[in-house]
Amino acid sequence: MAWGRLIILAGLCIAALVACESYQRVQSTAALQRAFWGLPEAGPRADVTSLVSCPNGYECDVFANAANYNDSRPDLNKRLTVVWSCQPQRFVLSAVAPQGLKVRMACVGQQPLVPRTIQVLEATWGSGGAGRTIDVTQQVRDICGDSSTRCQVPAMAYIFGMPDKEVKSLRIRFTCNGQTTPGQQATENSIADLRCERFEDLYK
(Lines give C-alpha, C1' and ligand atoms only; values in the text may rest on other atoms or scores of the structure.)
Protein backbone atom coordinates (compact mmCIF):
# COMPACT_ATOMS: atom_id res chain seq x y z
CA MET A 1 0.00 0.00 0.00
CA ALA A 2 2.85 2.36 0.95
CA TRP A 3 4.59 1.65 -2.35
CA GLY A 4 1.42 2.49 -4.23
CA ARG A 5 1.16 5.86 -2.50
CA LEU A 6 4.81 6.62 -3.25
CA ILE A 7 4.32 5.84 -6.94
CA ILE A 8 1.24 8.09 -7.09
CA LEU A 9 3.11 10.94 -5.34
CA ALA A 10 6.09 10.54 -7.67
CA GLY A 11 3.76 10.68 -10.68
CA LEU A 12 2.13 13.86 -9.39
CA CYS A 13 5.54 15.48 -8.83
CA ILE A 14 6.69 14.61 -12.37
CA ALA A 15 3.42 15.92 -13.84
CA ALA A 16 3.84 19.17 -11.92
CA LEU A 17 7.41 19.61 -13.20
CA VAL A 18 6.35 18.95 -16.79
CA ALA A 19 3.45 21.40 -16.49
CA CYS A 20 5.77 24.04 -15.03
CA GLU A 21 8.34 23.53 -17.80
CA SER A 22 5.71 23.72 -20.56
CA TYR A 23 4.32 26.89 -18.99
CA GLN A 24 7.73 28.58 -19.04
CA ARG A 25 8.51 27.72 -22.63
CA VAL A 26 7.15 30.02 -25.33
CA GLN A 27 6.84 29.75 -29.08
CA SER A 28 9.51 32.19 -30.19
CA THR A 29 9.60 33.67 -33.71
CA ALA A 30 12.84 34.84 -35.31
CA ALA A 31 13.11 37.58 -37.90
CA LEU A 32 16.20 38.81 -39.74
CA GLN A 33 17.10 42.45 -39.05
CA ARG A 34 20.45 43.06 -40.74
CA ALA A 35 23.31 41.10 -42.31
CA PHE A 36 26.80 42.33 -43.20
CA TRP A 37 29.66 40.75 -45.14
CA GLY A 38 33.22 41.75 -45.90
CA LEU A 39 36.28 43.52 -44.55
CA PRO A 40 36.23 46.51 -42.18
CA GLU A 41 36.72 49.00 -45.01
CA ALA A 42 33.59 47.80 -46.84
CA GLY A 43 31.42 50.34 -44.97
CA PRO A 44 27.84 50.59 -46.33
CA ARG A 45 28.71 48.08 -49.08
CA ALA A 46 28.92 45.42 -46.35
CA ASP A 47 25.14 45.41 -45.94
CA VAL A 48 23.90 42.16 -47.56
CA THR A 49 20.54 41.93 -45.80
CA SER A 50 18.69 41.57 -49.11
CA LEU A 51 20.81 38.52 -50.02
CA VAL A 52 19.92 36.50 -46.90
CA SER A 53 16.83 34.31 -46.87
CA CYS A 54 15.47 31.36 -44.91
CA PRO A 55 13.17 29.59 -47.41
CA ASN A 56 12.30 26.82 -44.95
CA GLY A 57 11.72 29.17 -42.06
CA TYR A 58 13.62 29.43 -38.80
CA GLU A 59 15.84 28.00 -37.32
CA CYS A 60 18.13 28.87 -40.21
CA ASP A 61 21.82 28.56 -41.10
CA VAL A 62 23.43 31.57 -42.82
CA PHE A 63 26.78 30.68 -44.38
CA ALA A 64 29.84 32.93 -44.45
CA ASN A 65 30.56 32.12 -48.08
CA ALA A 66 31.76 34.84 -50.47
CA ALA A 67 29.76 33.45 -53.41
CA ASN A 68 26.50 33.87 -51.47
CA TYR A 69 27.06 37.63 -51.41
CA ASN A 70 28.18 38.10 -55.02
CA ASP A 71 31.76 38.45 -53.82
CA SER A 72 34.33 37.12 -56.30
CA ARG A 73 37.29 37.76 -53.97
CA PRO A 74 37.32 35.25 -51.11
CA ASP A 75 39.41 36.36 -48.15
CA LEU A 76 39.85 34.56 -44.83
CA ASN A 77 39.73 37.93 -43.06
CA LYS A 78 36.18 38.63 -44.21
CA ARG A 79 33.38 38.18 -41.71
CA LEU A 80 29.64 37.67 -41.76
CA THR A 81 27.58 39.47 -39.11
CA VAL A 82 23.90 38.66 -38.66
CA VAL A 83 21.43 40.49 -36.41
CA TRP A 84 17.96 39.08 -35.78
CA SER A 85 15.05 39.55 -33.38
CA CYS A 86 13.08 37.06 -31.30
CA GLN A 87 9.45 37.62 -30.32
CA PRO A 88 7.66 37.64 -27.88
CA GLN A 89 10.78 37.87 -25.68
CA ARG A 90 11.85 41.09 -27.43
CA PHE A 91 15.42 39.86 -27.83
CA VAL A 92 17.85 41.21 -30.44
CA LEU A 93 20.53 38.56 -31.03
CA SER A 94 23.72 38.74 -33.10
CA ALA A 95 26.53 36.48 -34.25
CA VAL A 96 29.78 36.90 -36.18
CA ALA A 97 31.32 34.16 -38.34
CA PRO A 98 34.57 34.15 -40.36
CA GLN A 99 34.80 32.91 -43.96
CA GLY A 100 33.86 29.23 -44.23
CA LEU A 101 31.70 29.02 -41.10
CA LYS A 102 28.04 29.85 -40.49
CA VAL A 103 25.63 31.72 -38.23
CA ARG A 104 22.70 29.80 -36.75
CA MET A 105 19.69 32.13 -36.57
CA ALA A 106 17.61 30.71 -33.75
CA CYS A 107 15.76 31.81 -30.62
CA VAL A 108 15.74 30.49 -27.08
CA GLY A 109 12.42 29.17 -25.82
CA GLN A 110 11.99 31.00 -22.52
CA GLN A 111 10.78 34.43 -21.53
CA PRO A 112 13.39 36.59 -19.77
CA LEU A 113 13.27 36.11 -15.99
CA VAL A 114 12.00 39.66 -15.52
CA PRO A 115 11.27 41.40 -18.85
CA ARG A 116 12.97 44.76 -18.25
CA THR A 117 13.24 47.15 -21.20
CA ILE A 118 16.65 48.38 -22.38
CA GLN A 119 17.23 52.04 -23.16
CA VAL A 120 20.58 52.98 -24.72
CA LEU A 121 21.92 56.16 -23.12
CA GLU A 122 25.26 56.53 -24.86
CA ALA A 123 27.55 54.51 -27.13
CA THR A 124 31.07 55.23 -28.33
CA TRP A 125 33.37 53.47 -30.78
CA GLY A 126 37.11 53.79 -31.24
CA SER A 127 40.59 53.12 -29.94
CA GLY A 128 40.34 55.55 -27.06
CA GLY A 129 43.11 57.92 -28.16
CA ALA A 130 42.59 61.63 -28.69
CA GLY A 131 40.24 62.12 -31.60
CA ARG A 132 39.97 58.38 -32.08
CA THR A 133 36.54 57.84 -30.50
CA ILE A 134 33.21 58.69 -32.11
CA ASP A 135 29.62 58.78 -30.91
CA VAL A 136 27.57 55.85 -32.26
CA THR A 137 24.57 56.12 -29.95
CA GLN A 138 22.03 56.31 -32.77
CA GLN A 139 23.50 53.32 -34.63
CA VAL A 140 23.27 51.20 -31.47
CA ARG A 141 19.69 52.39 -30.85
CA ASP A 142 18.83 51.40 -34.42
CA ILE A 143 20.08 47.87 -33.71
CA CYS A 144 18.42 47.48 -30.31
CA GLY A 145 15.11 49.20 -31.09
CA ASP A 146 12.85 50.86 -28.54
CA SER A 147 11.64 47.89 -26.50
CA SER A 148 14.22 45.09 -26.43
CA THR A 149 14.81 43.19 -23.19
CA ARG A 150 18.16 41.85 -24.41
CA CYS A 151 20.33 43.26 -27.18
CA GLN A 152 23.56 41.87 -28.64
CA VAL A 153 25.42 44.59 -30.53
CA PRO A 154 28.21 43.51 -32.93
CA ALA A 155 31.38 45.60 -32.58
CA MET A 156 32.28 45.72 -36.27
CA ALA A 157 34.13 48.44 -38.19
CA TYR A 158 31.94 48.04 -41.28
CA ILE A 159 28.96 49.02 -39.09
CA PHE A 160 30.51 51.84 -37.04
CA GLY A 161 33.39 53.05 -39.25
CA MET A 162 37.10 53.84 -38.69
CA PRO A 163 38.54 50.84 -40.63
CA ASP A 164 42.14 51.26 -39.46
CA LYS A 165 44.52 48.75 -37.90
CA GLU A 166 44.09 49.97 -34.32
CA VAL A 167 42.07 47.68 -32.06
CA LYS A 168 38.80 49.46 -31.30
CA SER A 169 36.17 49.01 -28.61
CA LEU A 170 32.43 49.55 -28.46
CA ARG A 171 31.28 51.01 -25.12
CA ILE A 172 27.58 51.22 -24.30
CA ARG A 173 25.80 52.79 -21.33
CA PHE A 174 22.19 51.68 -20.90
CA THR A 175 19.34 51.41 -18.40
CA CYS A 176 16.94 48.60 -17.52
CA ASN A 177 13.43 49.93 -16.84
CA GLY A 178 15.08 53.28 -16.17
CA GLN A 179 17.65 51.96 -13.70
CA THR A 180 21.32 52.55 -14.52
CA THR A 181 23.52 49.50 -15.21
CA PRO A 182 27.32 49.07 -15.22
CA GLY A 183 27.23 49.19 -19.04
CA GLN A 184 28.96 46.89 -21.50
CA GLN A 185 32.11 46.91 -23.60
CA ALA A 186 33.24 44.76 -26.53
CA THR A 187 36.46 44.76 -28.53
CA GLU A 188 36.35 44.82 -32.33
CA ASN A 189 34.95 41.67 -33.98
CA SER A 190 33.11 40.58 -30.82
CA ILE A 191 29.65 41.31 -29.39
CA ALA A 192 28.41 43.56 -26.57
CA ASP A 193 25.62 41.66 -24.79
CA LEU A 194 23.17 44.05 -23.10
CA ARG A 195 21.10 42.13 -20.57
CA CYS A 196 18.79 43.09 -17.73
CA GLU A 197 18.54 39.88 -15.70
CA ARG A 198 19.79 40.27 -12.13
CA PHE A 199 21.15 37.85 -9.60
CA GLU A 200 18.14 38.29 -7.30
CA ASP A 201 15.76 37.28 -10.13
CA LEU A 202 16.87 33.68 -9.71
CA TYR A 203 15.46 33.55 -6.19
CA LYS A 204 12.03 35.08 -6.74
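Just so it is clear, the model here is predicted, and its values are computed rather than measured. (Residues numbered from 1 in each chain as written. Predicted model: local features only at pLDDT ≥ 70, side-chain atom pairs only at ≥ 80, totals over all residues. Heavy atoms only, no water.)

**Notes on the state of the cysteines**
To keep things clear, this is the line we draw: Note on terminology: disulfide denotes any pair of cysteine sulfur atoms within 2.5 Å. A simple rule labels every residue: compare its accessible area, found with a 1.4 Å probe on the protein chains alone, to the largest value its type can have, and call it buried under 20%, exposed over 50%, or partly exposed in between. Starting at the N terminus, helices and strands are each numbered in turn, a helix being any DSSP run of H or I of at least four residues and a strand any DSSP run of E of at least two.
According to the stated counting rule, one finds four disulfides in the structure shown. Paired by a disulfide, cysteine 54 and cysteine 60 hold their sulfur atoms 2.1 Å apart. The S-S bond linking cysteine 54 to cysteine 60 shows a torsion near -90°; that makes this disulfide left-handed. Judged on exposure class, the residue cysteine 54 and its partner cysteine 60 are both buried. Paired through a disulfide, cysteine 86 and cysteine 107 show a sulfur-sulfur distance of 2.0 Å. The S-S bond linking cysteine 86 to cysteine 107 shows a torsion near -90°; that makes this disulfide left-handed. Of this pair, cysteine 86 sits in strand β3 (residues 79–87) while cysteine 107 is found in the loop between β5 (102–105) and β6 (118–126), placing the two residues 21 residues apart along the sequence. By relative accessible area, which is 0% here, cysteine 86 ends up buried. Counting only the cysteines that form disulfides, in the order they appear in the protein, gives the pairing 1-2, 3-4, 5-6, 7-8.

**As for the packing of aromatic side chains**
For clarity, the cut-off: Here a pair means two rings of Phe, Tyr or Trp (six-membered ring of Trp) with centres within 6.5 Å. Their orientation is stacked below 30 degrees between planes, edge-to-face above 60, and tilted elsewhere.
Inspection of every chain in the model, using the stated rule, returns three aromatic pairs. On the numbers, 5.6 Å between centres and 40° between planes, the contact of tryptophan 125 with phenylalanine 160 is tilted. Placement of tryptophan 125 in strand β6 and of phenylalanine 160 in helix α3 (residues 157–160) is noted, with a sequence separation of 35 residues between them. Phenylalanine 160 shares its class with tryptophan 125; the two are buried.

**A closer look at the pattern of salt bridges**
Rules: The term salt bridge refers to a side-chain nitrogen of Lys or Arg lying within 4 Å of a carboxyl oxygen of Asp or Glu.
Within this structure, the stated rule accounts for 12 salt bridges. Put simply, arginine 132 and aspartate 164 hold a salt bridge, and the shortest N to O gap is 2.2 Å. Here the residue arginine 132 occupies a position in the loop between β6 and β7 (133–135), and aspartate 164 occupies one in the loop between α3 and β9 (169–176), the gap between them amounting to 32 residues. Since its relative accessible area comes to 28%, aspartate 164 is described here as partly exposed. Several salt bridges share partner residues, and in doing so they unite Arg132, Asp164, Glu166, Lys168 and Glu188 into one network.

**Focus: the confidence of the model for the protein**
Where we set the bar: Residue-level confidence of the predictor is summarised by pLDDT, bounded by 0 at the bottom and 100 at the top.
Residue-level pLDDT values for the protein average 86, and 85% of them are 70 or greater. Put simply, helix α1 (residues 2–24) is where the protein has its lowest mean pLDDT, 41, and helix α2 (residues 137–144) is where it has its highest, 98.

**Notes on the sheet that holds strand β1 (residues 29–38)**
Strand pairing in a sheet relies on backbone hydrogen bonds. The paired strands run either parallel or antiparallel. Where we set the bar: By the convention used here, strands pair only if DSSP detects at least 2 bridges between them. Structural elements are reduced to axes, namely lines fitted to C-alpha atoms, with helices fitted over the stretch in contact, and the angle between N-to-C directions of any two is expressed from 0 to 180 degrees. Contact definition: two residues touch when any of their heavy atoms are within 4.5 Å.
Across the sheet, five strands lie side by side as β1-β3-β4-β8-β12; this open sheet has mixed pairing. Looking at the sheet topology across the chains shown, the edges are occupied by β1 and β12 (191–195). Each strand axis lies, on average, 20° off the axis of its neighbour in the sheet, ignoring direction. Where β3 lies against strand β4 (residues 91–98), eight bridges are found, and the strand directions are antiparallel. What sits directly across from arginine 79, in β4, is proline 98. Of the strands in this sheet, β1, β3, β4, β8 (150–154) and β12 touch α2, which is tilted by about 130° from β8.

**A closer look at the pairing of β8**
Extensive coverage of β8 is indicated by the burial of five of its five residues. Taking every second residue as pointing to the same face, both faces of β8 are buried, with Arg150, Gln152 and Pro154 on one and Cys151 and Val153 on the other. Here β4 runs beside β8; their pairing, made up of two bridges, is parallel. What sits directly across from valine 92, in β8, is cysteine 151. In this structure, β8 lies alongside β12, joined through five bridges in antiparallel fashion. Along β12, the bridge assignment pairs arginine 150 with arginine 195.

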